[in-house]
Amino acid sequence: MEQFKATTIIAVRRDGKIAMAGDGQVTFGENTIIKHGAKKIRKLYNNSVLVGFAGAAADAFALFERFEGKLEEFHGHLERAAVELVKEWRTDRAIRNLEALILAADAGKILLISGSGEVIEPDQDVIAIGSGGAYAMAAAKALLAHSKLSASEIAQQALEIAASICVYTNDQIHVVELSGGKGAAGSGVDS
């Protein structure tokens, strides 16, 4: 899977809560940081779905809009909306060359969505994308296995670790959490 040198996004589930965190760095080209505090996570479909992106920002915003339309069309059914987005992403001339990876999560699922046709639900309750994704995911897996931290605390700590290793990930971290049953949204936590 293509890795973008633009960001790190992680999604973690623990104790019935889903947290998604992203760093704030926006990189232009290979060596210029142009923004430190970007928010790359959104709540969609009546605040019941978290969506984060890695890749070209304009492409991601176009995909967010399409994905939100799919969520509306399929009444918030995350997996169905994701599959339909991927079908459109691969076949629609207007969007098939958009470069981004998306993480989407609701109370029941975490999914990785890509334009190359993947809709992947991870085996474990964690997945990460972007240039620091492997570092963040390794840290989160260790924290899930060896700590009592909450989902949002694990997401925060995992990104702090990734930021200390990956030059394309910074420590301006934004964490958003969903809790409760389907459709129940928790509060966003800005760090």
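Quick caveat: nothing in here was measured; it's all calculated off a predicted structure.

J.: Is there a simple way to think about unusual backbone geometry in this case?
T.: What is expected of a backbone is that most residues other than glycine have negative phi and most peptide bonds are trans. Despite not being glycine, Asn 46 shows a phi value in the positive range, around 55°. Positionally, Asn 46 belongs in the loop between strand 5 (41-44) and strand 6 (49-55). For Asn 46, a relative accessible area of 63% gives the class exposed. At His 75, a residue that is not glycine, the phi angle is positive and equals roughly 50°. Of note, His 75 is situated in the loop between helix 1 (57-73) and helix 2 (78-91).

J.: Mind showing me how you'd approach the sheet that holds strand 5 here?
T.: Think of a sheet as strands paired side by side through backbone hydrogen bonds, with each pair either parallel or antiparallel. Pairing within the open sheet is antiparallel, and its five strands lie in the order 5-6-7-8-9. Looking at strand neighbours, the two that pair on one side only are strand 5 and strand 9 (119-120), the edges of this open sheet. Both strand 8 (residues 110-114) and strand 9 contribute to a ladder of two bridges, which runs antiparallel. From the neighbouring strand, Ile 113 faces strand 9, where its bridge partner is Val 119. Sheet contacts for helix 1: strand 5, strand 6, strand 7 (100-105) and strand 8; angle to strand 6, the most-contacted strand, approximately 155°.

What counts and how
- Residues numbered from 1 in each chain as written.
- Predicted model: local features only at pLDDT ≥ 70, side-chain atom pairs only at ≥ 80, totals over all residues.
- Heavy atoms only, no water.
- Helix = DSSP H or I, 4+ residues; strand = E, 2+ residues; numbered from the N terminus.
- Buried < 20%, exposed > 50% of the residue type's maximum accessible area, 1.4 Å probe, protein only.
- Pairing = 2+ DSSP bridges.
- Contact = heavy atoms within 4.5 Å.
- Axes fitted to C-alpha atoms, helices over the stretch in contact; angles between N-to-C directions.

Everything listed here is a matter of coordinates, which is why it stays silent on function.
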